[in-house]
Amino acid sequence: MKQFFARLLPYIKDYKLYFFYAVIGTLLVSIATTASAYLVKPVLDDIFLAKDIKMLQILPFLVVLAYFSKGFGTYIQIYYMNYIGQDIVKRLKNILLDKMLTFEMEFFNRYRNGELISRITGDIAAVQGAVSNYFIEGIREGLTIFGLVLLVIYQSPELAFYGLVVMPLALYPIVLIARKMRKTSKKLQEKNADLSSKLIEIFNNMELIKVSSGEKIEHESFASHNQELFKLAMKSVRISELTSPLMETLGAIAVSAVIFVGGYKVINGELTTGEFFSFTAALFLLYTPFKRISSLYSKIQIAFAAGDRIFEMLDRNPKIQDGEKELKEPIEAISFKNVDLYYGEKQALSGINLEVKRGESIAFVGNSGGGKSSLVNLLLRLYEVNSGEVLVNGESIRHFTQESLRSKVAIVTQRIFIFNDSIARNIAYGSEIDEERVKLALQQARIFDYIQTLPKGIYTELDEFGANLSGGQRQRIAIARALYKNPEILILDEATSALDNKTEEEFREVLGRLLENRIVIIIAHRFSTVSLASKIYFFSHGKILASGTQAELLEKCAPFREYYKSI
Ligand SMILES: Nc1ncnc2c1ncn2[C@@H]1O[C@H](COP(=O)(O)OP(=O)(O)OP(=O)(O)O)[C@@H](O)[C@H]1O
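Attention here is on the structure that accompanies the text. (Residues numbered from 1 in each chain as written. Predicted model: local features only at pLDDT ≥ 70, side-chain atom pairs only at ≥ 80, totals over all residues. Heavy atoms only, no water.)

**Observations regarding the site of the ligand**
Close contacts around the ligand come from 13 residues, with S368, G369, K372, S373 and S374 the closest. At 3.2 Å from a nitrogen atom of the ligand is found a side-chain nitrogen or oxygen belonging to N109. Note that an oxygen atom of the ligand is positioned 3.0 Å from one of the backbone N or O atoms of G370. Every element with two or more residues in the shell around the ligand is listed here: strand 2 (346-357) and helix 13 (372-379). It is helix 13 that contributes the most residues to the shell around the ligand, three residues altogether. Residues belonging to the shell around the ligand are distributed by class as follows: three nonpolar, eight polar and two charged. (Near = heavy atom within 4 Å. Polar contact = N/O pair within 3.5 Å; in protein donor to acceptor, adjacent residues only side chain to side chain. Helix = DSSP H or I, 4+ residues; strand = E, 2+ residues; numbered from the N terminus. Nonpolar A, V, L, I, M, F, W, Y, C, P; charged D, E, K, R; others polar.)

In structure tokens, the structure reads:
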């Protein structure tokens, strides 16, 4: 708990004035509640028993004033605390996403999307409850308890003993319940994340589900997750709602004791009726804040569990540390020196050595899973080498900022990323839209003619994942995006696999003109595309088996000959 508030304190500090207003509201509520209980005494003793007319004129106003103050205090307390809570939630969401965006690809492969979404939405919302409501409500109810206890003792210390003795007895089960709540709520959040992940998976794979008639399987799997969530939610209700009946039963025992002892004292004349009723009113009023505080205690455990998960993310450091140097000068050469790469236990690249200079184009070929894509991922610093070094202009890429390095590289992969935005924005992604450059890139990617036929041209909106385009059109959008960047290193990883032969040939011609003055890396199975490269690297099981021109490889490398025949 200490850690939870200590972590939030830097944020809370920014709202000192609002916090002050909320505390004023809270004080008002506590004082007004105590006053309303106290007023029972003069109502009975002065008005009903002593028949004091003056009090009859004053007291109704005081009652209204007490309740108005209570209402007004509650309103300002809730308003300002919610302002603080909502604003902190807004800031935490931004900070958490900002942090996550610095994490390496391995992180995103490990966590499911639904889990990450649930951290940014669900967990942070749970924390908001603690900041906006639970904390200040705890203070409010605590102060109210304090005021009422003073009043109860003031009216009759002996009766107060009978009325209050059960309080410490109630604490033990409440602490037990809260502990259980914390565990259950953790499981509940995890299950919620499971459910979101399942939904994301279903919507992303809709085409496959329909084609394979997987609707029933998906429905059943979702329903079973949903049922588990329901069970956990009910378990949490069962536990948390135990607090209330428990408190009420204990309260009733205390009140009965008070009625018995107090009634005896009134009959004996040791206590006035007014004092007795004022005492009993205060005792009744006392049980509400006590009950609330105990249920708050359970709820705050949920917020702590959520807080743990958020702080765990915020404390995590990206595994790939950014370099400090801006890569300003043009890229003259890149080289890989004895590079090894592991994904967990699995070795994907072993002892890779190669060098390529500006103006050269190279191709990576080889069977699936050979490590071709992994090597280009290292150049982009999406993953980090386990040993060896990747150098740009003779200097390790670790020294350069990822942004300055990536600004010089463009990649087209088999997986096409399209945003639900205009074509122009998709092409110029990451920089300002320059209409002329967008059009040129679209022409070079051989898709401009088609886009001109669309009513809104380059400002036509694309659906999420480019659902309103054909596979080949999507790929040409991705190629145009890469060309728009006018990169110093252009990586084409199976970038033309979805193009028909004619379009591929046309694009090859365009590409031929673009080779000059940059480094081009082509990964392809089609040898027509590979033919643009001056040197081919043949990959097998994470190693470069041989390199050279196509003719050289055919002559000197038997596995290459086999591969060449097989495709
Ligand atoms: N993110 C990852 N996590 C774990 N293993 C991975 C990951 N990416 C690739 N691999 C594994 O590393 C090996 C090399 O994969 P890579 O994608 O580099 O091969 P490739 O030669 O590009 O294959 P393809 O021609 O099919 O695209 C494969 O065995 C693959 O299963």
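**Comments concerning the pairing of strand 10 (residues 543-548)**
When strand 9 (residues 535-540) meets strand 10, the two strands line up antiparallel, connected through five bridges. Bridge assignment links F539 to a residue of strand 10, and that residue is I544. (Pairing = 2+ DSSP bridges.)

**Description of the packing of helix 2 (residues 16-38) against helix 12 (residues 273-315)**
Running from N to C, helix 2 and helix 12 point in directions that differ by 145°, and their axes come no closer than 8 Å. Between helix 2, through T33, S36, A37 and Y38, and helix 12, the contact on the second element is made entirely by S278, A282 and L285. For the contact of helix 2 with helix 12, the class distribution of residues is four nonpolar, three polar and no charged. (Axes fitted to C-alpha atoms, helices over the stretch in contact; angles between N-to-C directions. Contact = heavy atoms within 4.5 Å.)

**What to know about the sheet that holds strand 9**
Hydrogen bonding along the main chain pairs the strands of a sheet, whether they run parallel or antiparallel. With mixed pairing, six strands are arranged side by side in an open sheet as 6-7-8-3-9-10. Two strands in the sheet have a free side with no partner beyond their single neighbour: strand 6 (409-412) and strand 10. Between one strand axis and the next, the sheet turns through 15° on average, direction left out of account. Of the strand pairs in this sheet, strand 6 and strand 7 (residues 489-493) are connected by four bridges, and their pairing is parallel. The residue bridging I411 from the neighbouring strand is I491, located in strand 7.

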